[in-house]
Every structure is written in structure tokens, then in C-alpha cells.
Amino acid sequence: MSAPDAPAEFMPNGVDPRLLELLICPVTRQPLVYDRAANELISAKARLAYPIRGGIPIMLEEEARDMDVLPDLSGGADEASGVQETGEGT
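**Side note on the overall build of the protein**
In step 1: In terms of regular secondary structure, the protein is built from 1 helix and 6 strands.
In step 2: Listing each helix as α and each strand as β along the protein from the N terminus yields α-β-β-β-β-β-β.
In step 3: Taking all 90 residues of the protein together, the buried fraction comes to 29%.
In step 4: For the protein, the share of sequence-separated contacts (at least 6 apart) that also reach a separation of at least 24 residues comes to 38%.
In step 5: Surface accessibility of the protein: about 6300 Å² in total, with carbon and sulfur atoms responsible for 54%.

This is the structure in C-alpha cells:
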């Protein structure tokens, strides 16, 4: 039996797109970019990548991956692929 109030438009990883539109970086208070391939929310200004586990964004600075620590292993791949902006600009 399914819940009548369950959103029908979940992304494949279980994240509600409406939730992604509302989230901002807790450090910079700026909009985040959703990286579908890595299943992370990226804060370009803070250089942090917040993980999404079980469809739930983990918005804690201590849980975020520091993007300056790990080298870019993409081999020059197009950064725009699989990336979608979230939130409203201020």
C-alpha cells in the first residue's frame, strides 16, 4: 500500500527536486549545484561537496568533502555533464 501524499517526481536517487531547489550552502548561504554523477551538492564558493545518502542531503560541514584536498581525477572531462544548478540566486 503506497502513501497518498508521496511525491511522484523523485529523482532516481530518491531526492525530491523541490527539496534541492530550497537547499543552500550552510557555510556561504549561496545556492548549490547538484552533481548527479557524484550524488553530491556542490558549493563552489566554499569548495565543499555535500553527500547525498539514501536520498537525504547531508548538509553538515564536517560531513562535506573538501574539493581542494582531492585532485581532479576526471581527466579533463566536461565539468557540465551531469551537473544541475539548484536554488534561487540572490
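Text resumes after the structure shown.
**Focus on the pairing of strand β2 (residues 40-43)**
In step 1: Burial along β2 is two-sided: the residues Glu40 and Ile42 and Leu41 and Ser43 are all buried.
In step 2: In textbook terms, the turn of a hairpin is the stretch between consecutive antiparallel strands, and for strand β1 (residues 33-35) and β2 this stretch comprises 4 residues, one of which, Asn39, has a positive phi near 55°.
In step 3: When β2 meets strand β3 (residues 48-53), the two strands line up antiparallel, connected through 4 bridges. Bridging from a neighbouring strand, Glu40 pairs with Pro51 of β3.
In step 4: Following β2, the chain reverses through 4 residues before pairing antiparallel with β3; Arg47 in that reversal takes a positive phi of roughly 60°.

**Structural notes on the side chain of Asp35**
In step 1: The residue Asp35 is located in strand β1 in this model.
In step 2: Nearest to the buried, unbridged Asp35 among oppositely charged side chains is Arg65, at 6.0 Å.
In step 3: Within the structure, Asp35 has its side chain in polar contact with the backbone nitrogen of Ala38 (distance 3.2 Å).

**A short note on the environment of Glu21**
In step 1: Tracing the sequence through the fold places Glu21 in helix α1 (residues 17-22).
In step 2: Since its relative accessible area comes to 52%, Glu21 is described here as exposed.

**Points about the confidence of the model for the protein**
In step 1: In this model, the protein carries a mean pLDDT of 78, and residues with pLDDT of at least 70 account for 61%.
In step 2: Residue range residues 77-81 is modelled with pLDDT below 50. Its contacts to residues more than four positions away, or to other chains, number 0 contacts.

**Points about the nonpolar core**
Considering soluble globular proteins, one finds that nonpolar side chains tend to be buried as a cluster.
In step 1: The biggest cluster of nonpolar side chains holds 12 residues, and these are Val15, Leu20, Leu23, Cys25, Leu32, Tyr34, Leu41, Leu48, Tyr50, Ile52, Met59 and Ala64.
In step 2: Apart from the residues lying within four places of it in its own chain, the contact partners of Ala64 are Leu48, Ala49, Tyr50 and Pro51.

Parameters at a glance
Residues numbered from 1 in each chain as written. Predicted model: local features only at pLDDT ≥ 70, side-chain atom pairs only at ≥ 80, totals over all residues. Heavy atoms only, no water. Helix = DSSP H or I, 4+ residues; strand = E, 2+ residues; numbered from the N terminus. Buried < 20%, exposed > 50% of the residue type's maximum accessible area, 1.4 Å probe, protein only. Contact = heavy atoms within 4.5 Å. Areas by Shrake-Rupley, 256 points an atom, 1.4 Å probe, with all protein chains shown as cover. Pairing = 2+ DSSP bridges. Lys, Arg positive; Asp, Glu negative; His and termini not counted. Salt bridge = Lys/Arg side-chain N within 4 Å of Asp/Glu carboxyl O. Polar contact = N/O pair within 3.5 Å; in protein donor to acceptor, adjacent residues only side chain to side chain. pLDDT = per-residue confidence, 0-100. Core = buried A, V, L, I, M, F, W, Y, C linked by side-chain atoms within 4.5 Å.

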